[in-house]
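Chain residues, written in single-letter form:
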Amino acid sequence: MPIDILMPALSPTMEEGTLSKWLKKEGDKVTSGDVIAEIETDKATMEVEAVDEGVIGKLLIAAGTENVKVNTKIAVLLQDGESADAIGSPAPAKEAPKAEAQAAPEEKPAAAQASVPAQPKAEAAADPDIPAGTEMVMTTVREALRDAMAEEMRRDEDVFVMGEEVAEYQGAYKITQGLLQEFGPRRVVDTPITEHGFAGVGVGAAMAGLKPIVEFMTFNFAMQAIDQIINSAAKTLYMSGGQMGAPIVFRGPNGAAARVGAQHSQDYATWYSQIPGLKVVMPYTAADAKGLLKAAIRDPNPVVFLENEILYGHQFEVPKLDDFVLPIGKARIHKKGNDVTIVSFGIGMTYAVKAVAELEKEGIDVELIDLRTLRPMDLPTVIESVKKTGRLVTVEEGYPQNSVGTEIATRVMQQAFDYLDAPILTIAGKDVPMPYAANLEKLALPNVGEVVQAVKTVCYK
Amino acid sequence: MAPTKTASVSGRKPAAKSAIKSASKSSAKEFTGKNTPDFGKDQDLHAYREMLLIRRFEEKAGQLYGMGFIGGFCHLYIGQEAVVVGMQMAQQEGDQVITAYRDHGHMLATGMSARGVMAELTGRKGGYSRGKGGSMHMFSKEKHFYGGHGIVGAQVSLGTGLAFANRYRGNDSVSVAYFGDGAANQGQVYESFNMAALWKLPIVYIVENNRYAMGTSTARATAQSNYSLRGSGFGIPGIQVDGMDVRAVKAAGDEALEHCRSGQGPIILEMLTYRYRGHSMSDPAKYRSKDEVQKMRSEHDPIEQVRLRLLEKGWATEDELKAIDKDIRDVVSDSADFAQADPEPDPSELYTDILL
Ligand SMILES: Cc1ncc(C[n+]2csc(CCOP(=O)(O)OP(=O)(O)O)c2C)c(N)n1
Ligand SMILES: [Mg+2]
């Protein structure tokens, strides 16, 4: 059978071009890879190579012809023993398979388009019951995180920790204290200062089936590694059609510590929580830190676990249980209330908790929700609360534009507009790089007074 | 056509032995890179078949791109076939392979099916990633192929992580990480070299030096164009290899893999190679002369070298080679037919494989 040579598309956008020159004539023998013609596209002059072997039987389009549509038959190639007589009359341009192969949305009437499937709802399990009589132990967030890692490392040989100063030094913030002694240097790995590289090494190890915990000394430095977190860790499961993903935890302190200036004080909550393929956890209490870090380590997906240096030393009650694991994706109602809802997470909770106490004195009964997980976000719990209170204030330390609060506000507006009795207010850090001077730093962060004022405003008080 | 019999690539004789021997004082072994034992009949026939499969597959992919069946970027491997085929012949079951976006050849060499790869190129359900990855992002757990990565240099750190996992588990596998001469200038490559050398990770770093990163020649982009020396600051030995000669690749691969498997840490193989086509389908390749391309094609073509050897030694007749060619064309046509007929992924696939 003679083989048709078609006008090729030589860029993702080319629809037609000029057949500027034939480099072979009828009767010429060609083999794969031979340049047979030159074509001018909208961008450049390109060479067309033969794919098959044979003899040029007929050139159907003259050199110099303009506006030759992609997929028009331009020549016919004869196979061994075929004669030019085998060629019928030049066929009209073949229907471009492009149209059927690629469903260009604008070409089809809206009704004919496949409808976008609904996004599946993520259902998070409820917190486990804590048996009556369980001993509650006052624990710092620091100890809770360490215990979580140690317990999971005892449980699963594939879990290991890597990062700067995690082993010999016992952790820059002492979160990995004692792990080297218990698990040895094979599983507690000091890395050079090489965030981009060791994040990639961690993701590669996870793709091979290990379960790395990658500690960033702080998340400020993870900007060096964000390509590996997002492009490699978060997207591989999708890009591989489910064949392989990255069961990895990226953890470390996030957000402002104290007086460390602009480059060491950024909150990345909203950055990571935008990315499909990641889970993002940002705990406030020690119990949540422990239960959620254990869950993160067991989770088969990449989890970004955002801690806070200031909270490391805070103490909370942690149930003394052999295996205390909390569900990722479930908010926790920190305090029940009826008049107004505050939603916060991480260190933002410290402002919210104080504001709630003050407001109580003034007779305002706040329902305080700790999101705990930012992705998947437990919006149903927020919506339920807003349906009851009709008023919402969000509190976080990060920058105000495109913040977690503005995201919550948008979604509550869309899903519970009729229940709102006042505009939603979002309290965030100020729109400035973190200043060093003590007074300015204080001004740049949210404060309890702002939260109190916002709550009064939405209560019209 | 007069393919040279020597193992050197035109204009780029591998550097003097003294310059390419192990940069590491502690490493007793000297790497020659000139150890090019002849192939036996079966090896040559195998290499011929494998390289031809890649060549024909890529030609077909180029054609399907021209017809609009393949979208976006499509980077062909034509000209570089000896690199992956020679390495694959040196590897053992369980060794992992990872590379960038010029990945079709690597996948076929690991034994992934032509149908699955082609159908991924056309974005169809039967593709290796069910149509959700495309030309640059494909994987096969079964064949230990870890992608297919679109970010230049990222695969080097990821491949180092695969090697980390091998060492952690104490198994015998080696990670083989491919990257381009352009990628070799990325910072994370050196971060990875450092960790791999520090931890003695079993990884072969393969620089596929095809002389260009898009339109930028190595001369315009790199201060040290002998990429085999790029590990010297970390004590990583390197070998410059004629990447157009599948025998030289296999021999260097044997040496390198043995080095890694015996616990001596990473090694770099710089493959001197050449891509015949533009960077991607829409690159007219105006940054190099036609003569340069023509010279490589006519004097150093990796497939032609084997073909002539097979004929010269009487290991195959023209007719037998034609039969092989026909077999391969059939495999490739079948993959193209499949990739055009196979349906696109179901719309419900939009939201699957995001989280487990
Ligand atoms: C981080 C990053 N920067 C830039 C690009 C765009 N880009 C894609 S391929 C390429 C050239 C790479 O050349 P080389 O590493 O030599 O590989 P080759 O294409 O020759 O196989 C560039 C700049 C990219 N994909 N990723
Ligand atoms: Mg290159």
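Everything numeric here is computed off the predicted structure, so don't read it as measured data. All chains use their own residue numbering, which begins from 1 and follows the written sequence. Lettering for chains starts from A, numbering for ligands starts from 1, and both go in the order in which the items are written. For this predicted model, a pLDDT threshold of at least 70 governs which residues receive local features, and a threshold of 80 or more governs which side-chain atom pairs are given and counted, while totals over whole chains, interfaces and linings are taken from all residues. As a rule here, side-chain values come from all non-hydrogen atoms in the structure, and water together with hydrogens is ignored.

Novice: I tried to follow the overall build of chain A on my own but got confused; where do I start?
Specialist: Each helix is a run of H or I in the DSSP string that is no shorter than four residues. Each strand is a run of E no shorter than two, and both are numbered from the N terminus. Scanning chain A from N- to C-terminus turns up 13 helices and 22 strands. All radius of gyration figures rest on C-alpha atoms, and the globule criterion is 2.2 Å times the number of residues raised to 0.38. For 461 residues, the compact-globule estimate of 2.2 N^0.38 gives 23 Å, and the C-alpha radius of gyration of chain A, at 31 Å, exceeds that figure by more than 25%. For chain A, the spread of C-alpha atoms along the three principal axes comes to 95 × 60 × 45 Å. In chain A, which comprises 461 residues, the share counted as buried stands at 56%. At a minimum sequence separation of 6, the contacts of chain A that also span at least 24 residues come to 75%. Roughly 19600 Å² of accessible area belongs to chain A as shown, and the carbon and sulfur atoms make up 52% of that amount. Positive and negative charge centroids in chain A, built from 44 and 65 side chains respectively, lie 5 Å apart. Exposure classes here rest on a 1.4 Å probe applied to the protein chains alone. A residue is buried below 20% of its type maximum, exposed above 50%, and partly exposed in between. Any two residues whose heavy atoms approach within 4.5 Å are treated as being in contact. Here, Shrake-Rupley sampling with a 1.4 Å probe gives the accessible areas, and only protein chains in the shown set may cover a residue. Positive charges come from Lys and Arg, negative ones from Asp and Glu, while His and the chain ends are left out of the count. Charge coordinates come from a single atom per side chain, which is NZ of Lys, CZ of Arg, CG of Asp or CD of Glu.

Novice: Honestly, the coordination of the magnesium ion (ligand 2) in this entry has me stumped. Any pointers?
Specialist: Four donors placed tetrahedrally about a metal ideally form angles of 109.5 degrees, and six donors placed octahedrally ideally form angles of 90 or 180 degrees. All names here are of chain B. Here the magnesium ion (ligand 2) is held by Asp 181 (OD), Asn 210 (OD1) and Tyr 212 (O), and the distances to it run 2.1 Å. For Na, K and Ca the donor cut-off is 3.2 Å; for every other metal, N, O and S atoms count as donors within 2.8 Å. Water does not enter the count, which can leave sites looking incomplete. Read from N- to C-terminus, the donor residues coordinating the magnesium ion (ligand 2) fall into the pattern D-x28-N-x1-Y. Taken as a pair, Asp 181 in the loop between strand S2 (175-180) and helix H7 (187-198) and Asn 210 in the loop between strand S3 (203-209) and strand S4 (212-213) lie far apart in primary sequence, 29 residues in all. Just as Asp 181 is buried, Asn 210 falls in that class too.

Novice: Whenever I open this one, the confidence of the model for chain A confuses me. Can you help?
Specialist: A low pLDDT means the predicted coordinates there should not be read in detail. Per-residue confidence for chain A averages 92 on the pLDDT scale, and 94% of its residues sit at or above 70. How sure the predictor is of each residue is captured by pLDDT, a score from 0 to 100. pLDDT under 50 marks residues 91-110 of chain A. Its contacts with residues more than four places away, or in other chains, come to 25 contacts.

Novice: Explain the confidence of the model for chain B here, please?
Specialist: Residue and element names in this part refer to chain B. Looking at chain B, the pLDDT average stands at 91 and 90% of residues meet or exceed 70. Throughout residues 1-11 the model reports pLDDT below 50, and contacts reaching past four residues in sequence, or to other chains, amount to 29 contacts. Within the model, pLDDT remains below 50 along residues 16-29, and this stretch shows 22 contacts once partners closer than five positions in the same chain are excluded. As scored by the predictor, the complex reaches a pTM of 0.91 and an ipTM of 0.89.

Novice: Teacher, can you tell me more about helix H13 (residues 448-458) of chain A here?
Specialist: Each α-helix turn comprises 3.6 residues. Residues three or four places apart therefore point the same way. All names here are of chain A. Among all positions of H13, only Val 448, Val 451, Val 452, Ala 454, Val 455, Lys 456 and Val 458 are buried. Elements in contact with the buried residues of H13: strand S18 (340-344), helix H9 (348-361), strand S21 (392-395) and strand S22 (425-427). Downstream of H13 by a residue or two, Tyr 460 has a phi angle that is positive, lying close to 55 degrees.

Novice: What is the right way to look at the nonpolar core in this model?
Specialist: Across soluble globular proteins, nonpolar side chains have a tendency to be buried as a group. Take the buried residues of types Ala, Val, Leu, Ile, Met, Phe, Trp, Tyr and Cys, join any two whose side-chain atoms come within 4.5 Å, and each joined set is a nonpolar core. Counting 93 residues, the largest nonpolar core has Met 87, Val 204, Ile 206 and Leu 269 of chain B as the members making the most contacts within it. Here this core gets ten residues from one element, more than from any other, and that element is helix H2 (residues 41-66) of chain B. Counting residues in each nonpolar core, the second largest holds 83 residues, with Leu 392 and Ala 416 of chain A together with Phe 179 and Ile 268 of chain B among its members.

Novice: What exactly am I supposed to notice about the pattern of salt bridges here?
Specialist: If the charged atoms of two oppositely charged side chains come close together, the side chains can form a pair. What makes a salt bridge here is a side-chain nitrogen of Lys or Arg within 4 Å of a carboxyl oxygen of Asp or Glu, nothing more. Inspection of the entire model under this criterion finds 55 salt bridges over all chains. In this structure, the salt-bridge partner of Glu 318 of chain B is Arg 307 of chain B, at a minimum N-O distance of 3.5 Å. You can see Glu 318 of chain B sitting in helix H12 (residues 318-341) and its partner Arg 307 of chain B sitting in helix H11 (residues 302-312), a full eleven residues away along the chain. According to the relative accessible area criterion, Arg 307 of chain B is partly exposed, its value standing at 21%. It is possible to trace a salt-bridge network through shared partners that takes in Glu 151, Glu 152, Arg 155, Lys 290, Lys 294, Arg 298 and Asp 323 of chain A.

Novice: When you look at the sheet that holds strand S3 (residues 29-30) of chain A in this model, what are you seeing that I'm missing?
Specialist: The pairing of strands in a sheet comes from backbone hydrogen bonds and takes either a parallel or an antiparallel form. All names here are of chain A. The four strands lie next to each other as S1-S8-S6-S3, forming an open sheet whose pairing is antiparallel. With partners counted over all chains shown, the strands left at the sheet margins are strand S1 (3-6) and S3, one partner each. One bridge is not enough; two strands pair if DSSP finds at least two bridges between them. As judged from the four bridges shared by S1 and strand S8 (residues 73-78), these two strands associate in the antiparallel manner. Considered in S8, the bridge of Asp 4 is made with Val 76.

Novice: Before we go on, may I ask you to explain the interface of chain B and chain A in this structure?
Specialist: Reports of interface size often rely on the accessible area that becomes lost once the parts have come together. Of the residues lining the interface, 63 residues belong to chain B; the matching set on chain A comes to 74 residues. Taking both sides of the interface into account, the surface hidden between chain B and chain A amounts to around 5700 Å²; carbon and sulfur atoms contribute 60%. Two parts lose some accessible area (1.4 Å probe) when they are put together, and adding that loss for both gives the buried area. When the buried area of chain B at its contact with chain A is split by residue, Tyr 168, Tyr 351 and Leu 356 of chain B rank highest and sum to 13% of it. Counting the contacts that link chain B with chain A gives five salt bridges. Linking Asp 52 of chain A and Arg 329 of chain B is a salt bridge whose minimum nitrogen-to-oxygen distance equals 3.6 Å.

Novice: Even after reading the chapter, I still don't get the packing of helix H5 (residues 114-121) of chain B against H12 of chain B, so can you show me in this structure?
Specialist: In a packed pair of helices, the relevant descriptors are the angle between the two axes and the axis-to-axis distance. Residue and element names in this part refer to chain B. Their axes nearest at 8 Å, the elements H5 and H12 cross at an angle of 40 degrees. When the axis of H5 is compared with that of H12, the two are oblique. Like other packed secondary-structure pairs, H5 and H12 cross with a definite hand, here right-handed. Across the interface between the two elements, Ala 114, Arg 115, Met 118 and Ala 119 from H5 touch Val 331, Asp 334, Ser 335, Ala 336, Phe 338 and Ala 339 from H12. The nonpolar class holds Ala, Val, Leu, Ile, Met, Phe, Trp, Tyr, Cys and Pro. Asp, Glu, Lys and Arg form the charged class, and all remaining residues, Gly among them, are polar. Per-class residue counts for the contact of H5 with H12 are seven nonpolar, one polar and two charged. Simply put, an axis is a line fit to the C-alpha atoms, just over the touching stretch for a helix, and the angle between two N-to-C directions goes from 0 to 180 degrees. Roughly parallel here means an angle under 35 degrees, roughly antiparallel means over 145, roughly perpendicular means 65 to 115, and every remaining angle is called oblique. Handedness of each helix crossing follows the sense of rotation of the near helix against the far helix: counterclockwise by less than a right angle gives left-handed, clockwise gives right-handed.

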